[in-house]
Amino acid sequence: MAQKIVAGNWKMNLDLEQSLQLIEGLNTKEFKNDVRVIVFPPSLFLQPISAVCDGSFELGVQNFSENEKGAFTGEISINQIESVGGTVGLIGHSERRAYNGESNELLKAKVNHCIENNFDFIFCCGEPLSVREAGNELSFVKKQLEASLFHLTADQIAGGVIAYEPVWAIGTGKTASVAQAEDMHMNIRSWLNEKYGAQVSNNVSILYGGSCNASNAKELLSCPNVDGGLIGGASLKVDDFNAIIHSY
Ligand code: 13P
């Protein structure tokens, strides 16, 4: 069984005081034991958040370097992240692909760097609107996975996490329908099955992201092949995020 996960990607929102207030509301230890909760604040606030986190959830980073250390101005390393309590990184978010020019090759290097360092990651994929409208979303997403993730061995990908985030649903208030989400997730699971077999494919968590909120989470997260959510805007509101976690 794939692990259920609810993750909050804060993106470039909240100052330190607001971040700590939000964390206070999440420090409840009331989350269901079978749901893994991960919060991705701005990296700048990892240390102060980590200092007050009561262990109810894990902390992750929205971005990190594919290099170990050295002269890479503005970058942060996995080692540095771990030293302030971060345990997981996002890779391949569509905003970083679009605004920071992150290529399939770079994402593959980040995946490899995580594997070498035994550092957990969530690999994001998803098609833009034009691709969906042309009916090519399955081949588009499959290519993203083949380009940067499916070179891993079965041992390496086992227990991994993929997030399907259709670009047209991110921050738009327009979610994928239950049928659209389930169809893509089912296909991702079947590609994993073809390449790695049933044991691996059943254990990889596949999260949905894109305008998931307290009102629609129950429906989306109850799809058979949806193992959780990667939440943007709604993760900035403590009641909404808690409601999404408790929709399981
Ligand atoms: P929204 O939930 O704001 O649409 O963002 C989704 C997302 O990009 C999470 O990584």
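It should be emphasised that the depicted structure is a prediction, and the values quoted were computed from it without experimental measurement. Residue indices follow the written sequence of each chain, beginning from 1 at its first position. pLDDT decides what is reported in this predicted model: residues at 70 or higher carry local features, side-chain atom pairs at 80 or more are listed and counted, and totals for whole chains, interfaces and linings draw on all residues regardless. The side-chain figures draw on all heavy atoms in the structure; neither hydrogens nor water molecules are used.

Attention now moves to the packing of helix α7 (residues 137-148) against helix α9 (residues 178-196). Taken N-terminus to C-terminus, the directions of α7 and α9 make an angle of 45 degrees; their axes are 11 Å apart at the nearest point. With respect to α9, the axis of α7 lies oblique. Helix-helix and strand crossings are classified by hand; for α7 and α9 the assignment is right-handed. Of α9, the residues touching α7 (which contributes Glu137, Leu138, Val141, Lys142 and Leu145) are Asp183, Met184, Asn187, Ile188, Trp191 and Glu194. Orientation is described by axes fitted as lines to C-alpha atoms, over the contacting stretch for helices, and by angles from 0 to 180 degrees between their N-to-C directions. Segments assigned H or I by DSSP are reported as helices when at least four residues long, segments assigned E as strands when at least two residues long, and all are numbered from the N terminus. Each angle is binned into one of four classes, with values under 35 degrees roughly parallel, values over 145 roughly antiparallel, values of 65 to 115 roughly perpendicular, and all other values oblique. Crossings are assigned a handedness: left-handed for a near helix turned anticlockwise from the far helix by less than a right angle, right-handed for a clockwise turn. We call two residues in contact whenever any of their non-hydrogen atoms come within 4.5 Å of each other.

Below, the discussion takes up the packing of aromatic side chains. Think of it this way: a Phe, Tyr or Trp ring, Trp meaning its six-membered ring, pairs with another when their centres are within 6.5 Å, and the plane angle makes it stacked under 30 degrees, edge-to-face over 60, tilted otherwise. Throughout the structure, instances matching the rule amount to 3 aromatic pairs. The interplanar angle of 75 degrees and the centroid separation of 6.0 Å between the aromatic rings of Phe64 and Phe119 together place this pair among those described as edge-to-face. In this pair, Phe64 sits in the loop between β3 (58-61) and α3 (78-83) while Phe119 sits in the loop between α5 (104-117) and β5 (120-125), placing the two residues 55 residues apart along the sequence. Accessibility expressed as a relative area gives 0% for Phe64, which makes it buried. Each ring is checked for a lysine NZ or an arginine CZ that lies within 6 Å of its centre and within 35 degrees of its normal; such an atom marks a charge sitting over the ring. Note that Lys110 overlies the ring of Phe64, its terminal NZ or CZ placed 5.5 Å from the centroid. Geometry around Tyr196 places Lys195 over its ring, the cationic atom sitting 5.4 Å from the centre. With a 1.4 Å probe rolled over the protein chains alone, any residue whose accessible area is under 20% of its type maximum counts as buried; one over 50% counts as exposed, and the rest are partly exposed.

For Ile23, the position within the fold is in helix α1 (residues 16-26). Overall, the relative accessible area of 0% leaves Ile23 in the buried class. On a C-alpha basis, the gap between Ile23 and Gln47 in space is 13 Å, while along the polypeptide they are 24 residues apart. Leave out the neighbours within four places in its chain, and Ile23 touches Trp10, Val39, Ile49, Val52 and Phe57.

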